[in-house]
Amino acid sequence: MQEELKAKIIAVCDKKIAAKGENVGLSFYAFFANKNTEPELLMQAATWWIHTHKLDHFEKAHKIKQMIIDGH
């Protein structure tokens, strides 16, 4: 996964946690606008989320952030 995407994921998780608390959930779509402006990054996120880690559609933001920090 590109460093740009890792940084984006952490920033979005931090923002969601700050706004809605530690138990906030999100999907990988939370890291992108509603337009297909970054298809390569979207596919990286989808592959990491769905194929590599077999995560549910919604996961806790703090879990996703920690997975990125831990290098998963």
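### Things to note about the confidence of the model for the chain
Overall, the predicted model of the chain reaches an average pLDDT of 94, with 100% of residues at or above 70. Helix α2 (residues 39–52) is the least confidently modelled element of the chain, averaging 94 in pLDDT, while strand β2 (residues 59–60) averages 98, the highest of any element.

### So, helix α3 (residues 61–69)
Inspection of α3 places Ala61, Ile64, Met67 and Ile68 among the buried residues, and these make up the whole buried set. Viewed along the axis of α3, the buried residues span an arc of 130 degrees, placing them on a single side of the element. Looking at the packing, one finds that the buried side of α3 touches α1 (3–20), β1 (25–26), α2 and β2. Backbone geometry just downstream of α3 places glycine 71 in the positive-phi region, at approximately 85 degrees.

### Remarks on the nonpolar core
Grouped together as the largest cluster of nonpolar side chains are 20 residues, with contacts concentrated most on Ile9, Cys13, Leu26, Phe31, Trp48, Trp49 and Ile64. Elements represented by at least two residues in this core include exactly α1, α2 and α3. Here tryptophan 49 is in contact with Leu26, Ser27, Phe28, Phe31, Lys54, Leu55, Asp56, His57, Glu59 and Ile64, once residues within four sequence places are set aside.

### A closer look at unusual backbone geometry
For lysine 54, which is not glycine, the phi torsion reads 50 degrees and is therefore positive. Structurally, lysine 54 can be placed in the loop between α2 and β2.

### Let's talk about the environment of glutamate 59
Positionally, glutamate 59 belongs in strand β2. Given a relative accessible area of 12%, glutamate 59 falls into the buried group. Measuring from C-alpha to C-alpha, the distance between glutamate 59 and glutamate 38 comes to 22 Å, with 21 residues separating the pair along the chain. If we skip the residues at most four places from it in the chain, glutamate 59 touches Val24, Gly25, Leu26, Trp49 and Ile64.

Basis of the calculations
- Residues numbered from 1 in each chain as written.
- Predicted model: local features only at pLDDT ≥ 70, side-chain atom pairs only at ≥ 80, totals over all residues.
- Heavy atoms only, no water.
- pLDDT = per-residue confidence, 0-100.
- Helix = DSSP H or I, 4+ residues; strand = E, 2+ residues; numbered from the N terminus.
- Buried < 20%, exposed > 50% of the residue type's maximum accessible area, 1.4 Å probe, protein only.
- Arc of directions from axis to C-beta.
- Contact = heavy atoms within 4.5 Å.
- Core = buried A, V, L, I, M, F, W, Y, C linked by side-chain atoms within 4.5 Å.

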